[in-house]
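Survey of secondary and tertiary structure
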Amino acid sequence: MSQPIRMSSLVSGPAPGFEQPFEMLEACHERVQRMLALLQRLREHLSGHGADANARQAARDVMRYFDQAAPQHHRDEELHVFPPLLAQGDPATLVLVRRLQRDHLQMEARWAAAREVLSAVEAGSLGALAPGHEAALDEFANPYADHIAAEEQLAYPAAAALLDGDALTAMGEEMMRRRGVI
């Protein structure tokens, strides 16, 4: 039996709570990066072990994250980060936000193709990745680094500077409500 595709080295400490919504968004980015690292490990694992039980579980884990948590994260940004930046009207900021919004749409479309590959791995019907499969996974995963950097270095600080304490509280509460936490 092959070794499990371990996530232990990919796990960090407890995430911030909803009372710190921008820190929560950054913690989400850390989880995205961990899932992308797991996806890479899965790709390496497939080449030597095929779609064994460990590969199928890793595919399930990646699909679960990008099916459930990632869309919520994008919705958080669309509802709470981008609107105050757009309202501000700074031309450079408008260009940035429009780019990040396009990224979200492209990520969603690229996820559909990547998910097909992972679904086949999870079903045990794809034990080796063909060049087209590799391309679908690359096209999905590769844009994340620049996207995350732009959000954390530019968009989040700019939006946080525009929001007062009440707005941050409302932001965190809406995020919790949408996730069924309250």
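Criteria and thresholds
- Residues numbered from 1 in each chain as written.
- Predicted model: local features only at pLDDT ≥ 70, side-chain atom pairs only at ≥ 80, totals over all residues.
- Heavy atoms only, no water.
- Salt bridge = Lys/Arg side-chain N within 4 Å of Asp/Glu carboxyl O.
- Helix = DSSP H or I, 4+ residues; strand = E, 2+ residues; numbered from the N terminus.
- Buried < 20%, exposed > 50% of the residue type's maximum accessible area, 1.4 Å probe, protein only.
- Expected span 1.5 Å × (residues − 1).
- Polar contact = N/O pair within 3.5 Å; in protein donor to acceptor, adjacent residues only side chain to side chain.
- Axes fitted to C-alpha atoms, helices over the stretch in contact; angles between N-to-C directions.
- Parallel < 35°, antiparallel > 145°, perpendicular 65-115°, else oblique.
- Left-handed = near helix turned anticlockwise from the far one by under 90°.
- Nonpolar A, V, L, I, M, F, W, Y, C, P; charged D, E, K, R; others polar.
- Contact = heavy atoms within 4.5 Å.
- Core = buried A, V, L, I, M, F, W, Y, C linked by side-chain atoms within 4.5 Å.
- pLDDT = per-residue confidence, 0-100.
- Patch = residues over 30% accessible without salt bridge, like charges linked within 9 Å, V, L, I, M, F, W, Y side chains within 5 Å.
- Areas by Shrake-Rupley, 256 points an atom, 1.4 Å probe, with all protein chains shown as cover.
- Lys, Arg positive; Asp, Glu negative; His and termini not counted.
- Charge placed at Lys NZ, Arg CZ, Asp CG, Glu CD.

Turning our attention to the pattern of salt bridges. Evaluated as defined, the whole model comprises nine salt bridges. A salt bridge links aspartate 138 to arginine 43; the shortest N-O distance between them is 2.9 Å. Remark: arginine 43 occurs in helix H1 (residues 21-49) and aspartate 138 occurs in helix H4 (residues 131-141); sequence separation between them is 95 residues. A relative accessible area of 30% means that aspartate 138 is categorised as partly exposed. Within the structure, one salt-bridge network assembled from shared partners comprises Asp76, Glu174, Arg178 and Arg179.

Residues lying three or four places apart along an α-helix face the same way, a consequence of the helix completing one turn every 3.6 residues. The end-to-end C-alpha separation of helix H2 (residues 53-88) is 51 Å, in line with the 52 Å expected for 36 residues at 1.5 Å each. For H2, the N-terminal capping position is held by aspartate 52, with its side-chain oxygen 3.2 Å away from the main-chain nitrogen of asparagine 54. A positive backbone phi angle near 80° is found at glycine 89, which sits one or two residues after H2.

Once that is clear, we can look at the environment of arginine 64. With respect to the element layout, arginine 64 can be found in helix H2. Overall, the relative accessible area of 41% leaves arginine 64 in the partly exposed class. Sequence separation between arginine 64 and methionine 35 is 29 residues; the distance between their C-alpha atoms is 10.0 Å.

Attention now goes to the packing of H2 against helix H3 (residues 91-123). It is at 10 Å that the axes of H2 and H3 come closest, and there the two elements cross at 165°. Between H2 and H3, the crossing angle belongs to the class labelled roughly antiparallel. For H2 against H3, the interelement crossing comes out left-handed. Per-class residue counts for the contact of H2 with H3 are 16 nonpolar, six polar and eight charged.

Here glutamate 174 shows up in helix H6 (residues 165-178). Between the C-alpha atom of glutamate 174 and that of leucine 79, which follows or precedes it by 95 residues, the distance is 9.5 Å. Setting aside its immediate chain neighbours within four residues, glutamate 174 contacts Leu79 and His80. There is a polar contact of 2.7 Å between the side chain of glutamate 174 and the side chain of histidine 80.

Moving on: the nonpolar core. It is characteristic of soluble globular proteins that their nonpolar side chains tend to be buried jointly. Leu39, Leu42, Phe66 and Leu118 are the most contacted members of the largest nonpolar core, which totals 31 residues. Contributions of two or more residues to this core are made by H1, H2, H3, H4 and helix H5 (144-162). Counting residues in hydrophobic clusters, the runner-up holds 18 residues, among them Leu25, Leu85, Leu96 and Ala159.

Overall, the predicted model of the protein chain reaches an average pLDDT of 93, with 92% of residues at or above 70. Long-range and interchain partners of residues 7-11, a stretch whose pLDDT sits below 50, account for eight contacts in this model, where long-range means more than four residues apart.

This part is about a negative patch on the surface. A surface patch of like charges, here negative, comprises Glu19, Glu23, Glu26 and Glu30. Relative to the elements of secondary structure, glutamate 30 occurs in helix H1.

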